Amino acid sequence: MARRAEMQRPPHERSLRSLPAVSSLLAARALNALAARIGASLLTALLREHLAQLREEVRAGRVAGEALRRAVRPGTIAAEIERAAGEVLEPRPRPLINATGVIVHTNLGRATLSAAAAEQLAVAARGYLDLEYDRLDGRRGERLSHLEPVMRRLFPGHGFTVVNNNAAAVLLCLRALARGKQVIVSRGELVEIGGSFRVPEILVASGARLVEVGTTNRTSVKDYERALGPKTGLILKVHPSNFKIVGFVQQTPLAELARVARGAGVPLVVDWGSGALVDLAPLGIGDEIPVARLLEEGADVVTFSGDKLLGGPQAGFVVGRPELVERIRRDPLARTVRLDRILLGAVRQTLVAYVRGRAFEEVPTLRMLAATAAAIDRRARRVRRAVARRTPQAARMLSIVDGVSRTGGGSSPTGERPTRLLAISVPAGDAAAIGQRLRAGEPGIVGRMQEGRLLLDLRTVLPEQEPALVERLAAELRAAAPTRRER
Ligand SMILES: *Cc1c(COP(=O)(O)O)cnc(C)c1O
């Protein structure tokens, strides 16, 4: 009787009863060993989720028979759980090798820090600090006082503050200096930087009112002058960053804009995005005027990022006339966007490299920018030789060709540097598939595809990453090109 009832059930119901119980699985050796590694509570939770999912699949008829018998083995389940536990427990984000040649790559984390800055980061993370503490009288001190001796050298006579990022710096400036007032901006500078930083929207969020002047391609001094009035709070100039207007173009020179602003008694605020501290014109990057020169030419306040061309940790700088900066520092919103305590020391050590005149040697972003095509060519050849030593059949897949690296990351759109690229082509295969495997493996390697070839630019590969690049490339190309004997 019972047997007949059993036979009459839909087959998946019988299968459902073959699913093991959590308690019996926990007793199995394979899972018991896992408990020691990932913790009993996570193990139990993942087991429940896994079994629930399996139950769903059995009900839907997607898993049955031999596949089901395999799926319920403790060994199979342990492997599944281990993979799922990795998603939770492994450190992330994971390190990557950036072989794209885009130096300030927003999606890959922008700037890599100098050794001194990275060291300071570790020190700050591990213990107490004299962060806001005066050691002489044992009373409360100022967080930003640690940056004062350095910022005074870089921007003599100017005030400064440093916040969480440049978007916050811009918002704070507009709020502190122009809330409830009008802000005049050229139509050619109402840009979106990416990551949803849109100048018009930040302006609205700050409580200021946008007054657009000129046209997309041309804005003259007269346009600014006509817009000035009793309600004007400030004139804002924005670095167009990742965007360039070419052809019939006119922009108002900064010095003239400064004269107009001074005549009207309103501040000229410049959002300079990348914020280079040194002159990059000798490298062929002309539109990244150094911040100090903007101040000399009459900007009252300049804001810029810490982790673009400056090459430090994520931060937003505000530098300018002391009385204006003081108002910005005292804005109630300043506390909500203050600079992280762990990053503070790394910001300082990055700036120290500039004070010592060592930025092109010590700050990776500038070192990458300054590297010549000849130096990159030597590195590319070295990598090719090392890969070919490990995988002789890879030699004919690797060539070295001319190309360009980019500054990237919302910096100068015309910021290109000639480079030499390691090009990978797979005669009867798929270079894109190799590109995908290089990205997915450990450490991940990101290149770019062009005309069926995978291109790797050593400009953005850190020297200490080169051995790992060689090993992974040799292994992937070995898999892509079997030896004669294997064929
Ligand atoms: C990048 C950029 C920003 C935003 O800076 P974050 O540091 O990313 O917040 C703002 N303005 C300009 C002109 C930029 O280029």
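Residues numbered from 1 in each chain as written. Predicted model: local features only at pLDDT ≥ 70, side-chain atom pairs only at ≥ 80, totals over all residues. Heavy atoms only, no water.

**Q** Which residues make up helix α7 (residues 74–89), and what values go with them?
**A** The end-to-end C-alpha distance of α7, which contains 16 residues, comes to 21 Å, matching closely the 22 Å that a straight helix rising 1.5 Å per residue would cover. Turning to α7, its buried residues are Ile 77, Ala 78, Ile 81, Ala 85 and Gly 86. Its buried side turned inward, α7 meets α3 (22–27), α4 (29–38), α5 (40–59) and α6 (65–71). (Helix = DSSP H or I, 4+ residues; strand = E, 2+ residues; numbered from the N terminus. Expected span 1.5 Å × (residues − 1). Buried < 20%, exposed > 50% of the residue type's maximum accessible area, 1.4 Å probe, protein only. Contact = heavy atoms within 4.5 Å.)

**Q** Describe the sheet that holds strand β11 (residues 398–406), naming the residues involved and giving the relevant values.
**A** On the basis of which strands lie adjacent, the open sheet formed by four strands has the order β11-β12-β15-β14 and antiparallel pairing. Each of the sheet's edge strands pairs with one partner strand only, and the pair in question is β11 and β14 (448–450). Mean inter-strand twist for the sheet, computed between neighbouring axes without regard to direction, equals 40 degrees. As paired strands, β14 and strand β15 (residues 453–457) are joined by three bridges and run antiparallel to one another. Looking at β15, one finds that Arg 448 is bridged to Leu 455. With respect to the sheet, helix α20 (residues 431–440) is in contact with β12 (416–424), β14 and β15, its orientation differing from that of β15 by roughly 40 degrees. Docked against the sheet, helix α21 (residues 466–480) engages β11, β12 and β15, running at close to 40 degrees with respect to β12. (Pairing = 2+ DSSP bridges. Axes fitted to C-alpha atoms, helices over the stretch in contact; angles between N-to-C directions.)

**Q** Give me the packing of helix α10 (residues 166–178) against helix α11 (residues 199–206): which residues, what numbers.
**A** Packing of α10 against α11 brings their axes to within 8 Å, and their N-to-C directions diverge by 45 degrees. Taken together, α10 and α11 sit at an angle that is classed as oblique. Seen along the crossing, α10 lies across α11 with a hand that is right-handed. Along its contact with α10, which presents Val 170, Leu 171, Leu 174 and Arg 175, the element α11 presents Ile 202, Leu 203, Ala 205 and Ser 206. (Parallel < 35°, antiparallel > 145°, perpendicular 65-115°, else oblique. Left-handed = near helix turned anticlockwise from the far one by under 90°.)

**Q** I'd like a description of the site of the ligand, backed by residues and values.
**A** Contacts to the ligand come from 13 residues, most closely from Arg 110, Ser 241, Asp 271, Ser 305 and Lys 308. At 2.8 Å, a side-chain N or O of Arg 110 approaches an oxygen atom of the ligand. For the ligand, the protein covers 94% of the area, taking 380 Å² as the surface of the free molecule. (Near = heavy atom within 4 Å. Polar contact = N/O pair within 3.5 Å; in protein donor to acceptor, adjacent residues only side chain to side chain. Areas by Shrake-Rupley, 256 points an atom, 1.4 Å probe, with all protein chains shown as cover.)

**Q** Tell me about the sheet that holds strand β6 (residues 209–213), residues and numbers included.
**A** Taken together, seven strands build an open sheet; the order of strands is β4-β10-β9-β8-β7-β5-β6 and the sheet is mixed. Here the strands that pair on one side only, and so sit at the sheet edges, are β4 (159–163) and β6. If you compare each strand with its neighbour and ignore which way they point, the axes differ by 20 degrees on average. As judged from the four bridges shared by strand β7 (residues 232–238) and strand β8 (residues 268–271), these two strands associate in the parallel manner. Across the sheet, residue Ile 235 finds its bridge partner in β8, namely Leu 268. Together, β4, β9 (301–305) and β10 (316–320) form the strand contacts of helix α15 (residues 322–330), whose direction differs from that of β4 by roughly 30 degrees.

**Q** An account of unusual backbone geometry is needed here, citing residue identities and associated values.
**A** Between Arg 92 and the following residue, Pro 93, the backbone shows a cis peptide bond with an omega angle of -5 degrees. With respect to the helices, strands and loops of the structure, Pro 93 is situated in the loop between α7 and β1 (96–98). Here Glu 442 and Pro 443 are connected by a cis peptide whose omega angle stands at -10 degrees. With respect to the element layout, Pro 443 can be found in the loop between α20 and β13 (444–446). Its identity is not glycine, yet Arg 110 carries a phi of approximately 55 degrees, on the positive side. The topology assignment puts Arg 110 in the loop between β1 and α8 (115–126). The exposure class assigned to Arg 110 is partly exposed, which follows from its relative accessible area of 24%. In the Ramachandran plot, Glu 451 falls in the positive-phi region, its phi being about 50 degrees despite a non-glycine side chain. Mapped onto the elements of the fold, Glu 451 is located in the loop between β14 and β15.

**Q** How would you sum up the environment of Pro 95? Please name residues and give values.
**A** Relative to the helices and strands, Pro 95 is located in the loop between α7 and β1. Overall, Pro 95 belongs to the exposed group, its relative accessible area being 62%. Sequence-wise, Pro 95 and Glu 442 are 347 residues apart; in three dimensions their C-alpha atoms are separated by 8.5 Å. Aside from chain neighbours lying at most four places away, what touches Pro 95 is Pro 443 and Gly 444.

Just geometry here; none of it tells us what the structure is for.
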